[in-house]
Amino acid sequence: QNIDQIIIKSKVLLISCGKKSVKASIYLKKKFKDLVFNIHIQDPKSNYKFFDLIISPEHDQLKKPNNISTLLALHNINFESNKKKTDAINFIIGGSNKYFKFNEDTQNEILNDLNFLSKISLVNVIPSRRTPPLFIEKLASIKNQNLKLFTDLFDPIAYGNLLSEAKMQIVTWDSISMISEAISSETGTFLYKFEEKSCPKRYQLFHQMVKQKGFLK
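Predicted model only: the values in this text are computed from it and were never measured.

Details of the overall build of the protein
Here's step 1: Broken down by element type, the protein carries 6 helices and 9 strands.
Here's step 2: Principal axes of the C-alpha set define a box for the protein whose edges measure 60 × 35 × 35 Å.
Here's step 3: Relative to its full complement of 217 residues, the protein shows a buried share of 43%.
Here's step 4: In the protein, 60% of the contacts between residues at least 6 apart in sequence involve partners at least 24 apart.
Here's step 5: Put simply, the protein shows about 12,900 Å² of open surface, and 52% of that area lies on carbon and sulfur atoms.
Here's step 6: Placing the 32 positive and 21 negative side-chain charges of the protein at their respective mean positions leaves the two points 7 Å apart.

A few points about the packing of helix H5 (residues 176-184) against helix H6 (residues 201-212)
Here's step 1: The geometry of H5 relative to H6 is characterised by a closest axis approach of 11 Å and an angle of 10° between their N-to-C directions. Between H5 and H6, the crossing angle belongs to the class labelled roughly parallel. On H6, the residues that touch Ile176, Ile179, Ser180 and Ile183 of H5 are Tyr203, Phe206, His207 and Val210.
Here's step 2: Here the residues of the contact of H5 with H6 sort into 6 nonpolar, 2 polar and no charged.

Considering a nonpolar patch on the surface
Here's step 1: Nonpolar side chains collect at one region of the surface, where Leu13, Ile15 and Phe37 lie side by side and expose about 310 Å² of accessible area between them.
Here's step 2: As for its placement among the helices and strands, isoleucine 15 is situated in strand S1 (residues 12-17).

Comments concerning the sheet that holds strand S5 (residues 89-92)
The strands that make up a sheet pair up through hydrogen bonds in the backbone, lying either parallel or antiparallel.
Here's step 1: Read from one edge to the other, the open sheet built from 5 strands follows the order S7-S6-S5-S8-S9, with strand pairing classed as parallel. The sheet is open, and its two borders are formed by strand S7 (147-149) and strand S9 (189-192), each paired with just one other strand. Neighbour-to-neighbour, the strand axes of this sheet turn through a mean angle of 20°, independent of strand direction.
Here's step 2: Alignment of strand S6 (residues 123-126) against S7, held across 3 bridges, turns out to be parallel. Bridging across to S7, asparagine 124 finds its partner in lysine 148.

Section: unusual backbone geometry
Here's step 1: For phenylalanine 102, which is not glycine, the phi torsion reads 50° and is therefore positive.
Here's step 2: Within the element layout of this structure, phenylalanine 102 appears in the loop between S5 and helix H2 (104-118).
Here's step 3: The phi dihedral of glutamate 195 is positive, around 45°, even though this residue is not glycine.
Here's step 4: As for its position among the elements, glutamate 195 is in the loop between S9 and H6.

What to know about the packing of aromatic side chains
Geometrically, a pair of aromatic rings is defined through the distance of the ring centres and the angle of the planes.
Here's step 1: For the structure shown, the criterion picks out 8 aromatic pairs.
Here's step 2: Ring geometry for tyrosine 99 against tyrosine 203: centres 5.3 Å apart, planes inclined by 65°, an arrangement best described as edge-to-face. Here tyrosine 99, found in the loop between S5 and H2, pairs with tyrosine 203, found in helix H6; they are 104 residues apart in sequence, far enough to count as distant.
Here's step 3: A relative accessible area of 25% places tyrosine 99 in the partly exposed class.
Here's step 4: Note on tyrosine 203: relative accessible area 8%, which makes it buried.

About the cut-offs
- Residues numbered from 1 in each chain as written.
- Predicted model: local features only at pLDDT ≥ 70, side-chain atom pairs only at ≥ 80, totals over all residues.
- Heavy atoms only, no water.
- Helix = DSSP H or I, 4+ residues; strand = E, 2+ residues; numbered from the N terminus.
- Buried < 20%, exposed > 50% of the residue type's maximum accessible area, 1.4 Å probe, protein only.
- Contact = heavy atoms within 4.5 Å.
- Areas by Shrake-Rupley, 256 points an atom, 1.4 Å probe, with all protein chains shown as cover.
- Lys, Arg positive; Asp, Glu negative; His and termini not counted.
- Charge placed at Lys NZ, Arg CZ, Asp CG, Glu CD.
- Axes fitted to C-alpha atoms, helices over the stretch in contact; angles between N-to-C directions.
- Parallel < 35°, antiparallel > 145°, perpendicular 65-115°, else oblique.
- Nonpolar A, V, L, I, M, F, W, Y, C, P; charged D, E, K, R; others polar.
- Patch = residues over 30% accessible without salt bridge, like charges linked within 9 Å, V, L, I, M, F, W, Y side chains within 5 Å.
- Salt bridge = Lys/Arg side-chain N within 4 Å of Asp/Glu carboxyl O.
- Pairing = 2+ DSSP bridges.
- Phe/Tyr/Trp six-rings, centres within 6.5 Å; stacked < 30°, edge-to-face > 60°.

Encoded structure:
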């Protein structure tokens, strides 16, 4: 449906997330005024006054009267604290973004470390949507009984179960969302660093804040 065709006749709660939805939320707020209570998740970067409420991460250090901050990123993953633990380690892998190249050297380092970990434990290898497809293919081709590749990338229930069952999470440091999910599982979470010179200050601040709380090792 075209946004111009939306008709609002009674009060609604409008929740938007990410930069692509900012303009749409502001448009509907201006058009329908008090009928819309709009909440934006993450820093909209501009036009702050057109949101009734902003929920942003603490490391963004957004100082606005209509803002509340959270230490961890919001997510939709459910965990089962009473789920029986296995002896497995989860290795959660991100990928390239505007800060990290996730180059061949990085990929080879991960492969070497996975091989080392597999000698002492069962390892669930969990790629993400940003993990290069060719690297996932390489992971899938490894013949190692102690390395299991998780392929249900779009199944939050299976992902939540896997995080609930593991004895340890190792997560690459390029994704605040993945780190937040791992920490929320209440299983020991360890940060995996790579391309350290590329890590932006806001990421470094987040890593520092969760480490100070004892959530990350």
